[in-house]
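Working through the structure, step by step
Each chain, written out:
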Amino acid sequence: MERTLHAESQANIPVRAPRRWLFLLSLPHGLVPFGSVLVFFAMGGALWTLFIPFLWVFVVVPALDLLIGEDVTSPPETDYDALQADRFYTHLIFATLPTYVISFLAAMFVLATQDIPLWTALPFLYAVGIASGQSITLAHELGHRTNTLDRNVAKLSLALVGMGHFCIEHNRGHHVRVATPEDCSSARMNETVYGFAY
(Lines give C-alpha, C1' and ligand atoms only; values in the text may rest on other atoms or scores of the structure.)
Protein backbone atom coordinates (compact mmCIF):
# COMPACT_ATOMS: atom_id res chain seq x y z
CA MET A 1 0.00 0.00 0.00
CA GLU A 2 2.77 2.44 0.99
CA ARG A 3 4.74 1.58 -2.17
CA THR A 4 1.65 2.25 -4.31
CA LEU A 5 1.09 5.64 -2.70
CA HIS A 6 4.74 6.52 -3.22
CA ALA A 7 4.54 5.50 -6.90
CA GLU A 8 1.41 7.63 -7.35
CA SER A 9 3.05 10.65 -5.76
CA GLN A 10 6.13 10.12 -7.96
CA ALA A 11 3.90 10.00 -11.03
CA ASN A 12 2.46 13.39 -10.09
CA ILE A 13 5.85 15.13 -9.94
CA PRO A 14 5.97 16.27 -13.60
CA VAL A 15 2.46 17.69 -13.24
CA ARG A 16 3.29 19.43 -9.96
CA ALA A 17 6.65 20.70 -11.28
CA PRO A 18 5.85 21.52 -14.91
CA ARG A 19 9.14 23.35 -15.52
CA ARG A 20 11.44 20.63 -14.23
CA TRP A 21 12.83 19.92 -17.72
CA LEU A 22 14.10 23.50 -17.99
CA PHE A 23 16.71 22.52 -15.42
CA LEU A 24 18.42 20.60 -18.25
CA LEU A 25 19.63 24.00 -19.50
CA SER A 26 22.26 23.83 -16.77
CA LEU A 27 24.18 21.26 -18.83
CA PRO A 28 25.01 23.49 -21.83
CA HIS A 29 25.53 26.43 -19.46
CA GLY A 30 28.46 24.68 -17.83
CA LEU A 31 30.03 23.78 -21.18
CA VAL A 32 29.96 27.26 -22.75
CA PRO A 33 33.54 28.19 -21.75
CA PHE A 34 34.78 24.80 -22.99
CA GLY A 35 32.91 25.31 -26.26
CA SER A 36 34.50 28.72 -26.57
CA VAL A 37 37.96 27.17 -26.22
CA LEU A 38 37.16 24.57 -28.89
CA VAL A 39 36.00 27.31 -31.27
CA PHE A 40 39.14 29.34 -30.43
CA PHE A 41 41.40 26.52 -31.63
CA ALA A 42 39.14 25.60 -34.55
CA MET A 43 39.24 29.22 -35.81
CA GLY A 44 43.02 29.39 -35.54
CA GLY A 45 43.15 31.42 -32.34
CA ALA A 46 40.48 33.97 -33.24
CA LEU A 47 40.34 36.17 -30.15
CA TRP A 48 36.68 37.08 -30.63
CA THR A 49 35.75 33.48 -29.83
CA LEU A 50 36.89 33.98 -26.24
CA PHE A 51 34.07 36.51 -25.79
CA ILE A 52 31.46 33.77 -26.24
CA PRO A 53 31.23 33.00 -22.47
CA PHE A 54 30.95 36.74 -21.70
CA LEU A 55 28.12 37.13 -24.23
CA TRP A 56 26.46 33.98 -22.93
CA VAL A 57 26.46 35.18 -19.32
CA PHE A 58 25.46 38.80 -19.99
CA VAL A 59 23.29 38.55 -23.12
CA VAL A 60 21.95 35.04 -23.77
CA VAL A 61 21.15 34.05 -20.16
CA PRO A 62 19.28 37.32 -19.37
CA ALA A 63 17.38 36.95 -22.68
CA LEU A 64 16.42 33.37 -21.78
CA ASP A 65 15.37 34.52 -18.32
CA LEU A 66 13.14 37.17 -19.89
CA LEU A 67 11.74 34.70 -22.43
CA ILE A 68 11.04 31.90 -19.93
CA GLY A 69 9.64 34.29 -17.33
CA GLU A 70 9.00 33.90 -13.63
CA ASP A 71 7.93 30.53 -12.34
CA VAL A 72 4.81 31.15 -10.29
CA THR A 73 4.06 27.46 -9.78
CA SER A 74 4.76 25.93 -6.43
CA PRO A 75 4.19 22.34 -5.39
CA PRO A 76 1.85 21.77 -2.44
CA GLU A 77 3.39 20.69 0.84
CA THR A 78 1.91 17.22 0.36
CA ASP A 79 4.33 16.68 -2.57
CA TYR A 80 7.51 17.73 -0.75
CA ASP A 81 8.47 14.23 0.39
CA ALA A 82 7.95 12.82 -3.11
CA LEU A 83 9.95 15.63 -4.69
CA GLN A 84 12.75 15.13 -2.18
CA ALA A 85 12.83 11.41 -2.96
CA ASP A 86 12.95 12.11 -6.71
CA ARG A 87 16.58 11.74 -7.85
CA PHE A 88 16.05 13.66 -11.12
CA TYR A 89 17.57 16.85 -9.72
CA THR A 90 20.39 15.01 -7.94
CA HIS A 91 21.37 13.14 -11.11
CA LEU A 92 21.30 16.43 -12.98
CA ILE A 93 23.64 17.99 -10.42
CA PHE A 94 26.01 15.04 -10.73
CA ALA A 95 25.95 15.40 -14.54
CA THR A 96 26.48 19.16 -14.42
CA LEU A 97 29.51 19.26 -12.11
CA PRO A 98 31.92 17.69 -14.67
CA THR A 99 30.94 20.36 -17.21
CA TYR A 100 32.18 23.08 -14.83
CA VAL A 101 35.42 21.21 -14.17
CA ILE A 102 36.05 20.62 -17.89
CA SER A 103 35.34 24.26 -18.74
CA PHE A 104 37.55 25.53 -15.91
CA LEU A 105 40.49 23.33 -16.95
CA ALA A 106 40.09 24.26 -20.62
CA ALA A 107 40.02 27.96 -19.75
CA MET A 108 43.14 27.68 -17.60
CA PHE A 109 44.89 25.76 -20.39
CA VAL A 110 44.17 28.53 -22.91
CA LEU A 111 45.24 31.29 -20.56
CA ALA A 112 48.45 29.46 -19.60
CA THR A 113 49.55 28.35 -23.07
CA GLN A 114 48.32 31.03 -25.50
CA ASP A 115 49.54 34.59 -25.94
CA ILE A 116 46.25 36.33 -25.24
CA PRO A 117 46.12 40.10 -24.70
CA LEU A 118 44.77 41.40 -21.42
CA TRP A 119 41.71 43.02 -23.08
CA THR A 120 40.61 39.54 -24.17
CA ALA A 121 41.81 37.56 -21.17
CA LEU A 122 40.00 39.65 -18.55
CA PRO A 123 36.39 39.32 -19.85
CA PHE A 124 37.04 35.66 -20.67
CA LEU A 125 38.38 34.96 -17.19
CA TYR A 126 35.56 36.95 -15.59
CA ALA A 127 32.88 34.98 -17.44
CA VAL A 128 34.61 31.67 -16.67
CA GLY A 129 34.69 32.68 -13.01
CA ILE A 130 30.96 33.37 -13.04
CA ALA A 131 30.31 30.03 -14.75
CA SER A 132 32.52 28.18 -12.26
CA GLY A 133 30.83 30.01 -9.41
CA GLN A 134 27.60 28.25 -10.32
CA SER A 135 29.14 25.16 -8.75
CA ILE A 136 28.48 26.82 -5.39
CA THR A 137 24.76 26.48 -6.12
CA LEU A 138 25.23 22.76 -6.69
CA ALA A 139 27.24 22.42 -3.51
CA HIS A 140 24.66 24.37 -1.54
CA GLU A 141 21.94 21.93 -2.54
CA LEU A 142 24.01 18.80 -1.91
CA GLY A 143 25.54 20.18 1.29
CA HIS A 144 22.14 20.06 2.98
CA ARG A 145 21.76 16.36 2.28
CA THR A 146 22.55 13.71 4.86
CA ASN A 147 24.04 10.93 2.75
CA THR A 148 27.81 10.67 2.34
CA LEU A 149 27.90 10.63 -1.47
CA ASP A 150 25.96 13.88 -1.86
CA ARG A 151 28.01 15.64 0.80
CA ASN A 152 31.31 14.51 -0.74
CA VAL A 153 30.22 15.69 -4.20
CA ALA A 154 29.35 19.03 -2.57
CA LYS A 155 32.90 19.30 -1.24
CA LEU A 156 34.34 18.39 -4.63
CA SER A 157 32.19 21.07 -6.23
CA LEU A 158 33.42 23.67 -3.73
CA ALA A 159 37.05 22.72 -4.39
CA LEU A 160 36.64 24.11 -7.91
CA VAL A 161 36.19 27.63 -6.53
CA GLY A 162 38.37 27.31 -3.43
CA MET A 163 35.49 27.43 -0.94
CA GLY A 164 35.94 24.18 0.96
CA HIS A 165 34.90 25.90 4.18
CA PHE A 166 31.37 26.54 2.85
CA CYS A 167 29.92 23.15 3.88
CA ILE A 168 30.85 23.78 7.50
CA GLU A 169 30.28 27.53 7.72
CA HIS A 170 26.97 27.51 5.87
CA ASN A 171 25.32 24.64 7.73
CA ARG A 172 26.80 25.17 11.19
CA GLY A 173 27.30 28.91 11.07
CA HIS A 174 24.83 30.67 8.78
CA HIS A 175 21.84 28.41 9.44
CA VAL A 176 22.41 28.48 13.20
CA ARG A 177 23.01 32.25 13.47
CA VAL A 178 21.04 33.56 10.47
CA ALA A 179 20.17 37.28 10.60
CA THR A 180 22.05 37.84 13.85
CA PRO A 181 25.20 39.96 14.37
CA GLU A 182 27.22 36.72 14.63
CA ASP A 183 26.24 35.67 11.09
CA CYS A 184 28.82 36.92 8.60
CA SER A 185 26.54 35.85 5.73
CA SER A 186 23.68 38.19 6.66
CA ALA A 187 23.80 41.88 5.76
CA ARG A 188 22.89 44.38 8.44
CA MET A 189 19.67 46.41 8.19
CA ASN A 190 20.03 49.04 5.40
CA GLU A 191 23.59 47.92 4.65
CA THR A 192 24.67 48.49 1.04
CA VAL A 193 26.16 45.68 -1.03
CA TYR A 194 29.49 47.56 -0.91
CA GLY A 195 29.39 47.85 2.86
CA PHE A 196 28.51 44.19 3.16
CA ALA A 197 31.38 43.16 0.87
CA TYR A 198 33.82 45.34 2.84
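Going by the structure above, here's the rest.
The text that follows walks through the structure, step by step, so that each part is easy to find. Because the structure is a prediction, the values reported are computed rather than measured.

What counts, and where the lines are drawn
Residues numbered from 1 in each chain as written. Predicted model: local features only at pLDDT ≥ 70, side-chain atom pairs only at ≥ 80, totals over all residues. Heavy atoms only, no water. Helix = DSSP H or I, 4+ residues; strand = E, 2+ residues; numbered from the N terminus. Buried < 20%, exposed > 50% of the residue type's maximum accessible area, 1.4 Å probe, protein only. Contact = heavy atoms within 4.5 Å. Areas by Shrake-Rupley, 256 points an atom, 1.4 Å probe, with all protein chains shown as cover. Lys, Arg positive; Asp, Glu negative; His and termini not counted. Charge placed at Lys NZ, Arg CZ, Asp CG, Glu CD. 1 Å grid on protein atoms, 1.4 Å probe; cavity = no way out; pocket = protein on both sides within 12 Å on 5 of 7 lines; lining within 4 Å. Points joined across faces, edges and corners; volume = space filled by probe spheres on them. Polar contact = N/O pair within 3.5 Å; in protein donor to acceptor, adjacent residues only side chain to side chain. Salt bridge = Lys/Arg side-chain N within 4 Å of Asp/Glu carboxyl O. Patch = residues over 30% accessible without salt bridge, like charges linked within 9 Å, V, L, I, M, F, W, Y side chains within 5 Å. Core = buried A, V, L, I, M, F, W, Y, C linked by side-chain atoms within 4.5 Å.

**As for the overall build of the protein**
Helix and strand counts for the protein stand at 11 helices and zero strands. Secondary structure elements in the protein, listed N-terminal to C-terminal, are α-α-α-α-α-α-α-α-α-α-α. Considered along the principal axes of its C-alpha atoms, the protein spans approximately 65 × 45 × 35 Å. Counting across all 198 residues of the protein, residues that qualify as buried make up 31%. Intrachain contacts of the protein at a sequence separation of at least 6 include 66% that bridge at least 24 residues. As displayed, the protein offers around 12700 Å² of accessible surface, 66% of which is attributable to carbon and sulfur atoms. Within the protein, one finds 11 positive and 16 negative side-chain charges whose respective centroids are separated by 7 Å.

**Regarding the layout of surface pockets**
Here the largest pocket defines a volume of roughly 1100 Å³. Along the walls of the largest pocket sit 28 residues, with Leu 22, Phe 23, Ser 26, Leu 92 and Thr 137 positioned nearest its centre. Elements represented by at least two residues in the lining of the largest pocket include exactly α3 (26–42), α4 (52–68), α5 (80–85), α6 (88–113) and α8 (135–143). Among the elements that line the lining of the largest pocket, the one with the most residues is α6, at six residues.

**Quick notes on unusual backbone geometry**
Even without being glycine, Ala 179 reaches a positive phi, approximately 65 degrees. Note that Ala 179 resides in the loop between α10 (166–177) and α11 (193–197). At Asn 190, a residue that is not glycine, the phi angle is positive and equals roughly 65 degrees. For Asn 190, the location among the structural elements is in the loop between α10 and α11. Owing to a relative accessible area of 74%, Asn 190 belongs among the exposed residues under this scheme.

**Focus: the side chain of His 170**
When you line up the elements, His 170 lands in helix α10. On the basis of relative accessibility, which here comes to 9%, the residue His 170 falls in the buried class. Among the polar contacts listed, one links the side chain of His 170 to the side chain of His 144, at a separation of 3.3 Å. The contacts of His 170, once residues within four sequence positions are left out, are His 140, His 144 and His 175.

**Description of the pattern of salt bridges**
Two side chains carrying opposite charge are able to pair once their charged atoms lie near each other. Inspection of every chain in the model, using the stated rule, returns four salt bridges. Of the charged contacts, one joins Glu 141 and Arg 145 as a salt bridge, the two residues approaching to 3.0 Å between their closest N and O atoms. The partly exposed category is assigned to Glu 141, whose relative accessible area is 37%. The exposure class of Arg 145 is buried, given its relative accessible area of 17%. Between Asp 150 and Arg 145 there is a salt bridge; the shortest N-O distance is 3.0 Å.

**Notes on a nonpolar patch on the surface**
Together, Leu 55, Phe 58, Val 59, Val 60 and Tyr 126 make up an exposed nonpolar region whose accessible area comes to about 460 Å². Per element, the largest residue contribution to the nonpolar patch is four residues, and it comes from α4. Summarising the element assignment, Val 60 is placed in helix α4. Under the relative-accessibility criterion, Val 60 is labelled partly exposed at 31%.

**Observations regarding the nonpolar core**
Among the nonpolar cores identified, the biggest contains 12 residues, and these are Ile 93, Leu 97, Tyr 100, Leu 138, Ala 139, Leu 142, Val 153, Ala 154, Leu 158, Leu 160, Phe 166 and Cys 167. Listing elements by their share of this core, those giving two or more residues are α6, α8, α9 (148–159) and α10. If near-sequence neighbours (up to four positions away) are discounted, Val 153 is found in contact with Phe 94, Leu 97 and Leu 142. Ranked by size, the runner-up nonpolar core spans 10 residues in total, among them Leu 50, Ala 107, Ala 121 and Phe 124.

**Description of the environment of Leu 160**
With respect to the helices, strands and loops of the structure, Leu 160 is situated in the loop between α9 and α10. Assessed through its relative accessible area of 14%, Leu 160 is described here as buried. With 67 residues separating them along the chain, Leu 160 and Ile 93 place their C-alpha atoms 15 Å apart. In contact with Leu 160, other than residues within four places in its own chain, are Tyr 100, Val 101, Phe 104, Ser 132 and Ser 135.

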